[in-house]
Amino acid sequence: MQKIKSLMTRQGLKSPQESMTDLSPVENFRIPSKEELREMREQPVDPQAEQEIIDGIEEVYFSGDSFDMVRHELEKLPPDLNLQELEEYRDKLKSQQAAVSKKVADLILEKQPSYVKELERVTSLQTNLQLAAVICTNARRQLSLAKEGFTGASLGLLANQRRRQLLTGLLKSLRTIKTLQRTDVRLSEMLEEEDYPGAIQLCLECQKAASTFKHYSCISELNSKLQDTLEQIEEQLDVALSKTCKHFDVTHYTKVQLAYTLLGKTQTAMDQLHMHFTQAIHNTVFQVVLGYVELCAGNADTKFQKMQYKDLCTHITPDSYIPCLTDLCKALWEVMLSYHRTMQWHEEHDSEDAAPAPDGGGAAGADESNFGRSYVKKKLEHGLTRIWQDVQLKVKAYLLGTDMSNFKYDDFIFVLDIISRLMQVGVEFCGSKSEVLQESIKRQSVNYFKNYHRTRLEELRMFLENETWELCPVKSNFSIAQLHEFKFMGQSRSPSVSPSRQTSAGHPADVSLFEQYYQGGNPFEVQIDNKEDETEDVLASNGYESDELEKNVYQDYDSDSDVPEELKRDYVDEQTGDVPVKSVSRETLRSRKKSDYSLNKVNAPILTNTTLNVIRLVGKYMQMMNILKPIAFDVIHCMSQLFDYYLYAVYTFFGRNDMYESSGLGLISSRLRTTLNRIQESLIDVEAAAESAGGHAPSEERKEKVPSPHLSQLVVLTASGTLYGLAERVVATESLVFLAEQFEFLQPHLDTMMPAVKKPFLQQFYSQTVSTASELRKPIYWMVAAKAIDYEQMLLLMAGVKWDIKEIMSQHNVYVDVLLKEFEQFNKRLGDVSRHVRIPLPVSNVLWEHCIRLANRTLVEGYANVKKCSNEGRALMQLDFQQFLTKLEKLTDIRPIPDKEFVETYIKAYYLTENDMEQFIKNHREYSMKQLTNLVNVCLGSHINKKARQKLLAAIDDIDRPKR
C-alpha cells in the first residue's frame, strides 16, 4: 500500500486511466487490464485465500521505493534453471500480483468519491487564487496613486502639529520657571503675615516643581535657594513656637502646628517646645528679678546682667521683695497657663483626628499618625512635672535668697499667701505636692517664726509687767471670730471671705484656677483683705451695752425688780449670740441674786488688753499655720507657750503662796502643780535676774526661755478696802479662764492642722494645761478669803468662852454674831467690787466656799483649843454652829455648806467610846495632830481613863509618824 501511495505521489494527481498509462513496463506488466479486473471481480474469490496469497508475499516487496524487484528476482534464480520450476514460480508471482492488483483496485474504487470531491475543491481553490492575484494587482496600483496624491501632505501637517505641541510645553515650562524665580518674594510676604503653613506648602510645591525641571541648568541654582528658604522658614517657625510659651494664642499655635505637620516634624516640634518652655521660665524670672535689682541699685556699676540667677536673688531689698515675688509668680503663671492651654489644644485636636475614616484605606498612615499623637501626649504629660520642677527651683532660689526673719508679720503672711496659691497652682497643674516649695518656705517660716515668737514672748512679758489688770470693755456678744485675725476660719463656711483665700465672685469653688483665669486675669493679682474688712466692732463705749442698763447696775438685789426687762431681754438675746450660754429661768435668777454679783451688769467676757493681745497673736499664729501646714506643730507649740506664760504669770502674780500646803484645803491639785513645774522648767529663765546683775550672756539653750514676769507696782494687793485686789484678781483669773475657753473653741481646728504623729502633744496640752486654768481660782481667791475675815479675832473670842458648863444653854455665844457680821461685811464689800468688775457666779462661789471653809476650820481650831469641856459645853458648841449655819444660809446660795460635816463630826466625836474613838482617829486624818490630841485630852475623866488616853495618843502618834 505504501508503495502504491508513493507511486501516486511521484506521478502527481492524475486520473486512474492516466495513471495506468504512466506505469513502467514492468509495472504495466503487473497491472491487469480493465477486462481482467472485471473478470477478477466477477470471479468468485475467497477472501481468506486471497489474504493468504497476499500474506505469502515476501516482506522485502514492502520495504521501500528504491527496491528493485526485477533484480531481486533475478538474483534469486538458481544456477541451474528449470523451466518448469520457473513457470511455477512465475505462476505464483502472477497469482500474487493478481491478488495485490485486485486488492488495490478494490481500494481505489472504494476511495474514488472522496477523490473526485477533493479534486473539485482543488480546482475551485485554483480559480479563487487567480481572482485574488487580479485584486492585489489592482490594489497596488491604487495605493501607488494615493501615495503620490495624499500621504506626503498629511505627514507634513502632522510634523508641524507635533512641533507646535513641543513649543507649547516649552512655553509652559518657561512660565513655571519664571514663577519659581519670583517665589522668594511671595514667601517673604507670607512669613511676614505669619502664614507658615502656606509658606511651607508653597516652598514644598516649588521644590517638587523644581525637581520636575531639573534638566534645565537654571533650576539647579533655584533648588538650592529653595532649600535655604525652607531652612529659614523652619528657623522663623521655631521663633514663632517659642512665642507661645508666654502668651498662648490658639490661632497662632494652630498655624505653627500645621506648619510642622507639613514638614513632618511634629515630634521634633514637641521637643523644641519643651526646650523653649524651660528657657522661657529661666528668662522670665531672670528679667523680673534683674529689673527690680537694677531699679533698687540705681546707678550702681555692678554688672548684674552677668550674675547667676541665684546670686541675683540675694540683691533683692526687703522693700521690693514682695512686689518682685508677686511679679515673679504672675510671670510664671503665664508660662504655666500657656503650657496648660497647649495641652488642651492637643487633647481637642487628638479627639478630632482620632475619628475613623469612612474608607478602610491608609492603615499604615493611620498607625504612624497614632504613634505621633501618642508620643506628643506622653511628652506633654512628662513635661508637666518637669516644668513645675523648674518653677519650684526658681521660686526656691528667690525665697532662700533673702533673710525674712525681720519682716513684718503682715508682709510675711502675704509671702506665705502667695506661695500657698502657687502650691495650689502646682496641685492643679500636675498634682504635685510641691515638696521643694514646702521645704524652702518651711525653712524660712521656721527661721522667721522662731524670731517672731521670741519677740512676741518678750512683748507679752512687757505687757504683763505693765498690765494693771483693769477690765477691757467688750460687747456682751464678743467672739474671737469678730477679730480680723480669725476671719480666715470662717472662709470655708461663709461666702464673704478674703480675696486671698477664695475664688473670685462668679466662680464656683470647684472651678480650677486654670479654668477660672482661662480668658484672662491672674490669681496673683488678688490683694489681701481690704482695710474695711479689718474694722472691728467689739469694744463697748463704757463697759455697758446701753445707758438704760447703766442706770440699773446699782439697783437693790432684794426686790423682785432687780432684773429689769432690758436685762431679761438681753438674757434671751445672749442665747442667740456667738457665745452660747445656758438657759436661765427667772427662778434661777432670783436664787442667784445673793451669790452672783454680775446680774445687773451685762455678761460681757472678762478680759484685759493683754488677753486680747494674746488672742490676736493666736489668730496670727493660726493664719501662718493655716497657710503653711508643714510647720503646724511648731506653731501650735508656740501657741501653747503663749498660754503657758500667761497662766504662769497669773499664778505668780496672784496665786503663789507657801501657806497652801499647811492649809490642808488641797488648793493646788497635783495636775496643776505638775503643769506649773513643767512651765517653769521648760519656759521660764530663772537665771535671768542673776545674769542681769552679772552681765553674762545667755546660753543657747536659755535663748528659748523667757524671764519670769513681775507684777506692776501699780497693782496693790494688800489694801483691805479693795478686798486685797479682788477686782484685779478677778480680771486676771477670769481672763485666763476666758483664754482657755477660746483655746477649747479652737481645738477642733487645731486638731485638723496637727500632724497625726504630733496629736498626742495637743491632747496632752489640753488635758493637762488648758483644762487647769479654772483650777487657779482656788489658790488665787483663797488669798482674798484668808484675809477678808478676821479669823484670829474669832479664835480669841472663842478662847474666852467657858465650855465646862453644867447647864444646857439656849443662847449662842457672841463670837457667832461677830463672825456673821464679818460675813455680812464681806458680802457688802463683794457688792462694792462688783460695781467695777463683774464677779461671775463661779468666782463668788469659790470666794464663799473658801471663807466658809476657813471659818469652819477656825471653829474646829477654836474647839480644839478648849482645855475643859462638859457635855453641856458640847451642846453649846452645836448650838453655836447651828446658829452660824442658819444665818449663813441667808447670805449665800451655796448648798451644801462646805465642811459642815467637818465641824459637826469633830463636835460629836466627844461622845465616842474608847474603841469608837480609836477608830475615829484612824479614819479621820483630815484633822491635825493638835486637834485629835486635844479631843482625847478633853474626854479624859468623863468617859476615857488614863490608860485609854495613852493608847489613843499612841495611835495618833503612829498616824503622824509617816508624815515626819
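What counts, and where the lines are drawn
- Position labels on residues start from 1 in each chain and follow its written sequence.
- Residue-level local features of this predicted model are given only where pLDDT is at least 70; pairs of side-chain atoms are given and counted only at 80 or more, and the full residue set underlies all totals for whole chains, interfaces and linings.
- As a convention, hydrogens and water are excluded, and side-chain values are obtained from all of the structure's heavy atoms.
- Here, a salt bridge means any side-chain nitrogen of Lys or Arg that lies within 4 Å of a carboxyl oxygen of Asp or Glu.
- Strands are runs of DSSP state E lasting at least 2 residues, helices are runs of H or I lasting at least 4, and numbering of each runs from the N terminus.
- Side-chain rings of Phe, Tyr and Trp, where Trp is taken by its six-membered ring, are said to pair if the distance between their centres is within 6.5 Å; with planes under 30 degrees apart they count as stacked, over 60 as edge-to-face, and otherwise as tilted.
- Only when the NZ atom of a Lys or the CZ atom of an Arg is both within 6 Å of the ring centre and within 35 degrees of the ring normal do we say a charge sits over the ring.
- As used in this record, nonpolar core signifies buried Ala, Val, Leu, Ile, Met, Phe, Trp, Tyr and Cys residues forming a set joined through side-chain atoms within 4.5 Å.
- Partly exposed describes any residue whose relative accessible area lies between the buried limit of under 20% and the exposed limit of over 50%, with all areas from a 1.4 Å probe on protein chains only and scaled to the type maximum.
- Any two residues having at least one pair of non-hydrogen atoms within 4.5 Å are treated as being in contact.
- A patch consists of residues whose relative accessible area exceeds 30% and which take part in no salt bridge; residues with like charges are grouped when within 9 Å of each other, and nonpolar side chains (Val, Leu, Ile, Met, Phe, Trp, Tyr) when within 5 Å.
- A 1.4 Å probe and the Shrake-Rupley method give the accessible areas. Residues count as covered only by the protein chains that appear here.
- Here the expected span of a helix is defined as 1.5 Å times the quantity of residues minus one.

## Remarks on the pattern of salt bridges
Charged atoms that come close allow side chains of opposite charge to pair.
Link 1 in the chain: The tally for this structure, following the rule as stated, stands at 26 salt bridges.
Link 2 in the chain: A salt bridge links Glu 775 to Arg 671; the shortest N-O distance between them is 2.4 Å. Here the residue Glu 775 occupies a position in the loop between α29 (759-768) and α30 (777-788), and Arg 671 occupies one in helix α26 (residues 670-682), the gap between them amounting to 104 residues.

## A look at the packing of aromatic side chains
Link 1 in the chain: Taken as a whole and judged by the stated rule, the model has 32 aromatic pairs.
Link 2 in the chain: Measuring from ring centre to ring centre gives 5.4 Å for Phe 633 and Phe 761, while their planes differ by 75°; the resulting arrangement is edge-to-face. Of the two residues, Phe 633 is situated in helix α24 (residues 632-654) and Phe 761 in helix α29; the sequence distance between them amounts to 128 residues.
Link 3 in the chain: Members of the aromatic cluster, each reached through a chain of ring pairs, are Tyr 409, Phe 412, Tyr 448, Phe 449, Tyr 452 and Tyr 621.
Link 4 in the chain: One residue, Lys 758, lies across the ring of Phe 633, its end atom 4.4 Å from the ring centre.

## Some details on the nonpolar core
Link 1 in the chain: Core analysis: the biggest nonpolar cluster contains 227 residues, and Phe 823 and Phe 884 have the highest contact counts within it.
Link 2 in the chain: Broken down by element, this core gets its largest block of residues, 16 residues, from α24.
Link 3 in the chain: If we skip the residues at most four places from it in the chain, Phe 823 touches Ile 789, Trp 848, Cys 851, Ile 852, Ala 855, Phe 884, Leu 888 and Leu 891.

## Considerations on a nonpolar patch on the surface
Link 1 in the chain: There is a patch of nonpolar side chains on the surface, built from Val 70, Leu 74, Leu 77 and Leu 81 and spanning about 340 Å² of accessible area.
Link 2 in the chain: Inspection of the secondary structure puts Leu 74 in helix α6 (residues 69-76).

## Concerning helix α12 (residues 266-297)
Link 1 in the chain: Between its first and last C-alpha atoms α12 spans 45 Å; for 32 residues at 1.5 Å apiece the expected length is 46 Å, and the two agree.
Link 2 in the chain: Looking at the residues trailing α12, positive phi occurs at Gly 298, about 70°.

## A word on unusual backbone geometry
Link 1 in the chain: Look at the link from Arg 895 to Pro 896: it is a cis peptide, with omega at -10°.
Link 2 in the chain: Tracing the chain through its elements places Pro 896 in the loop between α34 (871-891) and α35 (900-908).
Link 3 in the chain: Positive phi is not limited to glycine here, since Leu 723 has a value of about 55°.
Link 4 in the chain: Take Leu 723: it is sitting in the loop between β2 (706-707) and α28 (726-753).
Link 5 in the chain: Its identity as a non-glycine residue notwithstanding, Asp 899 has a phi of 60°, on the positive side.
Link 6 in the chain: When you line up the elements, Asp 899 lands in the loop between α34 and α35.
Link 7 in the chain: A relative accessible area of 13% means that Asp 899 is categorised as buried.

## With respect to the environment of Thr 674
Link 1 in the chain: Examined against the element boundaries, Thr 674 turns out to sit in helix α26.
Link 2 in the chain: Relative accessible area serves as the criterion here: at 48%, Thr 674 is assigned to the partly exposed category.
Link 3 in the chain: Considering only alpha carbons, one finds Thr 674 and Thr 769, 95 residues apart in sequence, at a separation of 9.4 Å.

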